[in-house]
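What follows is each chain in one-letter form.
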Amino acid sequence: MKKVLIVGAGGFIGGFIAAESLRRGFETWCGVRESTSRRYLTDPALRFITLDYDSPDRMAEAMEGLDWDYVVYNLGATKCVNFMDFNKINYLYLRNFIEALTDSHIRPEKFVYMSSLSAIGPGDEKHYTKLTGDMIPRPNTRYGLSKIKAETVLQTIPDFPWIILRPTGVYGPHEQDYLMMIKCIDSHFDFGVGFRRQMLTFIYVEDLARAVFDALEHAPVCRKYIISEPRAYTQKEFREIVADTLGRKLVIPVRLPLWMLSIACKVSEKWGAARLEATTLNSDKYNIMAQRNWDCDVTPAMRDFGFAPQIDLREGVRRTVEAYREEKNRQKK
């Protein structure tokens, strides 16, 4: 039985990665902080290790006597009160973890790092050609920049067996940002931004978890892969799929100009900073929402390790809405 360590297992994606690891018969270890919620990590087969990401020495002490065949590094922040925390959590914590691995003389067969499509930055918004893994990265968000810095750390370690996955927008049960969009459509409104065509891409969380282990088992090392359902959707197509799933015949599309979104993001960001809370709308989110072309090429992942998403957007939205309704009904009781 091979051993897998999932770093950052307590979050939305991490819980699904841990479940997939158990399904495949791996001895599954979850790297968590002392304060990490284990709400989605309830299977008694899971093993835990508490990691202090601020201290390579304390992490090395926690790892003493342990070893893993595979490491999946899923730790990261997608929104922060202080934008410097992107650098700390997404870049410095990875560097500290690699230092702890080295000090502990742990050398995994493969190391999967969960990056993001945002690490590439904006693509062609004139002809809408697909984003590809070999494009020169030009991240226009602090989040994307922190991910590129983390990728660079891995690439500069001699003979380190890294694999970098760059998923597009990940959705599914427990995820909050896309749930906000679903709730709006459930209330008969669909808010979009900008008046130029926008192509959106998605990956259902279970398909992403499967991609992680397919890559661990079959992908060559020192490669970067975009992970997405192999087609793009317009905002209208997304709205129609969600509305149909919810049974909403009347949904009013509301299109806001980008300048209005910019003001809303700045106000929300200031409000969040005053309350010391990370907000969904901020200057990083503005750049992400303003980007018109998220279409991307996933053929390298299909070729190298057989990546084949099983859940398209319609089925993924159905499952997400089902989980949303179950939670809604629980709250009423």
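Analysis parameters
- Residues numbered from 1 in each chain as written.
- Predicted model: local features only at pLDDT ≥ 70, side-chain atom pairs only at ≥ 80, totals over all residues.
- Heavy atoms only, no water.
- Helix = DSSP H or I, 4+ residues; strand = E, 2+ residues; numbered from the N terminus.
- Buried < 20%, exposed > 50% of the residue type's maximum accessible area, 1.4 Å probe, protein only.
- Contact = heavy atoms within 4.5 Å.
- Areas by Shrake-Rupley, 256 points an atom, 1.4 Å probe, with all protein chains shown as cover.
- Salt bridge = Lys/Arg side-chain N within 4 Å of Asp/Glu carboxyl O.
- Core = buried A, V, L, I, M, F, W, Y, C linked by side-chain atoms within 4.5 Å.
- Polar contact = N/O pair within 3.5 Å; in protein donor to acceptor, adjacent residues only side chain to side chain.
- Axes fitted to C-alpha atoms, helices over the stretch in contact; angles between N-to-C directions.
- Parallel < 35°, antiparallel > 145°, perpendicular 65-115°, else oblique.
- Left-handed = near helix turned anticlockwise from the far one by under 90°.
- Nonpolar A, V, L, I, M, F, W, Y, C, P; charged D, E, K, R; others polar.
- Pairing = 2+ DSSP bridges.
- Expected span 1.5 Å × (residues − 1).
- Right-handed = clockwise from strand over helix to strand, strands pointing away.
- Phe/Tyr/Trp six-rings, centres within 6.5 Å; stacked < 30°, edge-to-face > 60°.
- Lys NZ or Arg CZ within 6 Å of the ring centre and 35° of its normal.

*Asks:* Explain the overall build of the protein chain here, please?
*Replies:* Of the regular secondary structure elements, the protein chain holds 11 helices and 13 strands. Along the longest, intermediate and shortest principal axes, the C-alpha atoms of the protein chain span 60 × 50 × 45 Å. Within the protein chain, the fraction of its 333 residues that count as buried is 51%. Taking contacts inside the protein chain between residues at least 6 apart in sequence as the whole, the part at least 24 apart equals 78%. Counting only carbon and sulfur atoms, one obtains 53% of the accessible surface of the protein chain, whose full area is about 15900 Å².

*Asks:* Any chance you could explain the pattern of salt bridges here in plain terms?
*Replies:* Tallying each qualifying case throughout the model produces 23 salt bridges. The shortest N-O distance in the salt bridge between Arg-47 and Glu-27 comes to 3.5 Å. One end of the pair, Arg-47, is in strand β3 (residues 47–50); the other, Glu-27, is in strand β2 (residues 27–32), with 20 residues separating them in the sequence. Residue Arg-47 is classed as partly exposed on the basis of its relative accessible area, which comes to 40%. Because the salt bridges share partners, they merge into one network encompassing Glu-20, Arg-23, Arg-24, Asp-214 and Glu-217.

*Asks:* Please explain the nonpolar core as it appears in this structure.
*Replies:* As a rule of thumb, nonpolar side chains are buried together in soluble globular proteins. Counting 62 residues, the largest nonpolar core has Ile-17, Leu-165, Val-212, Ile-227 and Phe-305 as its most contacted members. Take this core: its biggest share by element is 8 residues, from helix α6 (residues 205–218). The contacts of Ile-227, once residues within four sequence positions are left out, are Leu-165, Arg-166, Pro-167, Thr-168, Ile-203, Leu-208, Ala-211, Val-298, Ala-301, Phe-305 and Phe-307. Listed in part, the 33 residues of the second largest apolar core include Ile-49, Met-59, Met-63 and Val-71.

*Asks:* Explain the side chain of Ser-116 here, please?
*Replies:* Relative to the helices and strands, Ser-116 resides in the loop between β5 (110–114) and α4 (142–155). Judged by relative accessible area, Ser-116 falls into the buried class, the value being 7%. A distance of 3.0 Å separates a polar side-chain atom of Ser-116 from the backbone nitrogen of Ser-118. Setting aside anything within four residues of it in sequence, one finds Ser-116 in contact with Tyr-143, Lys-147, Leu-165, Arg-166 and Pro-167.

*Asks:* How do you make sense of the packing of helix α5 (residues 177–186) against helix α7 (residues 235–246) when you look at a structure like this?
*Replies:* Helix packing for two helices is described by the angle between their axes and how far apart those axes are. Contact pair α5 / α7: the axes reach a minimum separation of 10 Å and the direction vectors enclose 65°. Viewed along their axes, α5 and α7 adopt a mutual orientation that is roughly perpendicular. Helix-helix and strand crossings are classified by hand; for α5 and α7 the assignment is right-handed. Facing α5, whose interface residues are Met-181, Ile-182, Ile-185 and Asp-186, α7 presents Gln-235, Phe-238, Arg-239, Val-242, Ala-243 and Leu-246. In terms of residue class, the contact of α5 with α7 is made up of 7 nonpolar, 1 polar and 2 charged.

*Asks:* Quick question: what am I supposed to make of the pairing of strand β4 (residues 70–73) here?
*Replies:* In summary, the side chains of a regular strand alternate between the two faces of the sheet. In β4, alternate side chains face the same way, and those of Tyr-70 and Val-72 on one face and Val-71 and Tyr-73 on the other are all buried. In the sheet, strand β1 (residues 3–7) pairs with β4 via 4 bridges, with the strands oriented parallel. Note on β4: the bridge partner recorded for Val-4 is Tyr-70. Two strands pair when backbone bridges link them, and β4 and β5 are joined in this way by 4 bridges, in the parallel orientation. For Val-72, the partnering residue across the bridge sits in β5 and is Val-112.

*Asks:* What is the right way to look at the sheet that holds β3 in this model?
*Replies:* What holds strands together in a sheet is hydrogen bonding between their backbones, with the strands either parallel or antiparallel. In spatial order, the strands read β3-β2-β1-β4-β5-β6-β11; together these 7 strands make up an open sheet with parallel pairing. Sheet topology places β3 and β11 (223–227) at the edges, where each strand pairs with a single neighbour. On average, each strand axis in the sheet is tilted by 20° relative to the strand beside it, whichever way the strands run. Relative to β5, α6 is tilted by about 150°, and along the sheet it contacts β1, β4, β5, β6 (162–167) and β11.

*Asks:* Please clarify how α4 should be interpreted in this entry.
*Replies:* A rise of 1.5 Å per residue sets the reference length of α4, with its 14 residues, at 20 Å; its end C-alpha atoms lie 20 Å apart and thus fit the reference within 8%. Every buried residue belonging to α4 is among Tyr-143, Gly-144, Ser-146, Lys-147, Ile-148, Ala-150, Glu-151, Val-153 and Leu-154, and all of these are buried. Where α4 is buried, its residues contact α3 (84–103), β5, β6, β11 and α9 (283–290).

*Asks:* Where do I start with the pairing of β1 in this structure?
*Replies:* Counted residue by residue, β1 has 4 buried out of 5 residues, so it is predominantly covered. As defined by bridge partners, β1 adjoins β2 across 5 bridges and the pair is classed as parallel. Each residue of the ladder has a partner; that of Val-4, found in β2, is Thr-28. Regarding topology, helix α1 (residues 12–23) serves as the crossover connection from β1 to the parallel β2, and that connection is right-handed.

*Asks:* Looking at this structure, how should I read the packing of aromatic side chains?
*Replies:* Given two aromatic rings, their pairing is described by the distance between the two centres and the angle made by the two planes. One pass over the structure, following the stated rule, counts 20 aromatic pairs. Where Tyr-171 meets Phe-202, the ring centres are 6.0 Å apart and the plane angle is 85°; that geometry is what we call edge-to-face. With Tyr-171 in strand β7 (residues 169–171) and Phe-202 in strand β10 (residues 202–204), the pair connects residues that are 31 residues apart, well separated along the chain. Neither residue differs from the other here; Tyr-171 and Phe-202 are each classed as buried. A centroid spacing of 6.1 Å and a plane angle of 25° characterise the contact between Phe-189 and Phe-191, whose relative ring orientation is stacked. Judged by its relative accessible area of 35%, Phe-189 is partly exposed. In this structure Phe-191 comes out as partly exposed when scored by relative accessible area, which is 45%. Among the aromatic residues, ring-to-ring pairing joins Tyr-171, Tyr-178, Phe-202, Tyr-204, Tyr-233 and Phe-238 into one connected group. Stacked on the ring of Tyr-233, the Lys or Arg Arg-231 has its end atom at 3.8 Å from the ring centre.

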